[in-house]
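Fold and contact review
Given next are the chains, with one letter for each unit.
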Amino acid sequence: MTSIAGLLAEAKRRLQDSDSPALDAELLLCHVLGKPRSFLFTWPEREVDEVLAAQFHQLLARRISGEPVAYLLGRREFYGHEFLVSVDTLIPRPDTELLVDIALETLPAEDSLRVADLGTGTGAIAISLGLARPTWQLLAVDYVVAVLDLVERNVRRLRAANVTPLQSSWYSRLQGPFDAIVSNPPYIRANDVHLQRGDVRFEPRSALVGGDDGLDDIRLIVSGAPARLRAGGLLALEHGYDQGAAVRELFHAAGFQSVETRRDYGDNERVTFGFYGARDAQ
Ligand SMILES: C[S@@+](CC[C@H](N)C(=O)[O-])C[C@H]1O[C@@H](n2cnc3c(N)ncnc32)[C@H](O)[C@@H]1O
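Residues numbered from 1 in each chain as written. Predicted model: local features only at pLDDT ≥ 70, side-chain atom pairs only at ≥ 80, totals over all residues. Heavy atoms only, no water.

Focus on the site of the ligand
Near the ligand lie 19 residues; those nearest to it are Thr-89, Gly-119, Asp-142, Asn-184 and Ala-207. A distance of 2.8 Å is found between a nitrogen atom of the ligand and a backbone nitrogen or oxygen belonging to Gly-119. When atom positions are compared with the pocket grids, the ligand is found to occupy the second largest pocket. Its residues assigned to classes, the shell around the ligand comprises nine nonpolar, nine polar and one charged. (Near = heavy atom within 4 Å. Polar contact = N/O pair within 3.5 Å; in protein donor to acceptor, adjacent residues only side chain to side chain. 1 Å grid on protein atoms, 1.4 Å probe; cavity = no way out; pocket = protein on both sides within 12 Å on 5 of 7 lines; lining within 4 Å. Sits in = over half its atoms within 2 Å of the grid points. Nonpolar A, V, L, I, M, F, W, Y, C, P; charged D, E, K, R; others polar.)

Right under this line is the structure:
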């Protein structure tokens, strides 16, 4: 039998290629033991049952081969809520919380607004907005059937009664008008070397790649938004760190006003937003 401290020390040594070997090891061991992280530090000498140690070693081997921790645990935190994740879609990223902040900051809190989250994945954006604004109605849109099952499960677990999953390829089955459209669409270039590195190697291309220049889906979403937005409606889109200027140009060409790009935690341009028509008409 091996102790908790012994398993962690071995795992940290074998996870040297990870950006966060200690954290990865602790999260995997907590998952197998069904205990919080504080348990590991309180009982480092405690012996771990052989069956559980074998489960831990299996997860460790998968992590060493590069599988994201979130896929191994089946969950990831976003905007203070725990979301189930699956290999059918993207693992929510901290930078996407900026998109949620912008919607909460720019839209009236008390009104009964209709908001669409296009390419919802786990439902992270739609559900975070729905929980923060109970009077809003959120449509969580994705075209992958398995993704919509995942959204349903997250809606139930997090009790986001005002979020409705909908299968649609972008606007194909959407009935406007909306007060806001938000989206973190696929925006990586098809030949981007980052697709061969880190967690994205395990995430589906359907969630990542937006054509040769990465902007195919963003073009469709921006050009289709005016016909689906109320006067003064908000469009807010996440994009690549080097796509801000191109996305602002698309917003202006489509008639959006007060167009602005905000930077993420790493100081990269990350979310562009604007309003269609006069804002005080909302
Ligand atoms: C970058 S992921 C974002 C997931 C989630 N919103 C998040 O921020 O974590 C893009 C999502 O868009 C979805 N998607 C791709 N093409 C689509 C389309 N034509 N119509 C609707 N959703 C699409 C993918 O299935 C994926 O879930």
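Digging into the nonpolar core
Counting residues in each nonpolar core, the largest one holds 32 residues, and the members touching the most others are Val-115, Leu-129, Trp-136, Val-163 and Leu-234. Those elements that provide at least two residues to this core are helix H6 (97-106), helix H7 (124-132), strand E6 (137-142), helix H8 (145-158), strand E8 (178-183), strand E9 (229-238) and strand E11 (269-276). In terms of residue count, H6 provides more of this core than any other element does, six residues in total. Residue contacts for Val-163: discarding those within four places in its chain leaves Ala-126, Ile-127, Gly-130, Leu-138, Ala-140 and Val-155. Among the nonpolar cores identified, the runner-up in size contains 24 residues, and Leu-215, Ile-221, Ala-225 and Val-247 belong to it. (Core = buried A, V, L, I, M, F, W, Y, C linked by side-chain atoms within 4.5 Å. Buried < 20%, exposed > 50% of the residue type's maximum accessible area, 1.4 Å probe, protein only. Helix = DSSP H or I, 4+ residues; strand = E, 2+ residues; numbered from the N terminus. Contact = heavy atoms within 4.5 Å.)

Quick notes on the side chain of Thr-272
Within the secondary structure, Thr-272 is located in strand E11. Here the side chain of Thr-272 touches His-239 through a polar contact of 2.7 Å, side chain to side chain. Separated by 2.7 Å, the side chains of Thr-272 and Thr-261 make a polar contact. If sequence neighbours within four positions are ignored, Thr-272 has contacts with Leu-235, Ala-236, Leu-237, His-239, Gly-244, Val-247, Arg-248, Phe-251, Val-259, Glu-260 and Thr-261.

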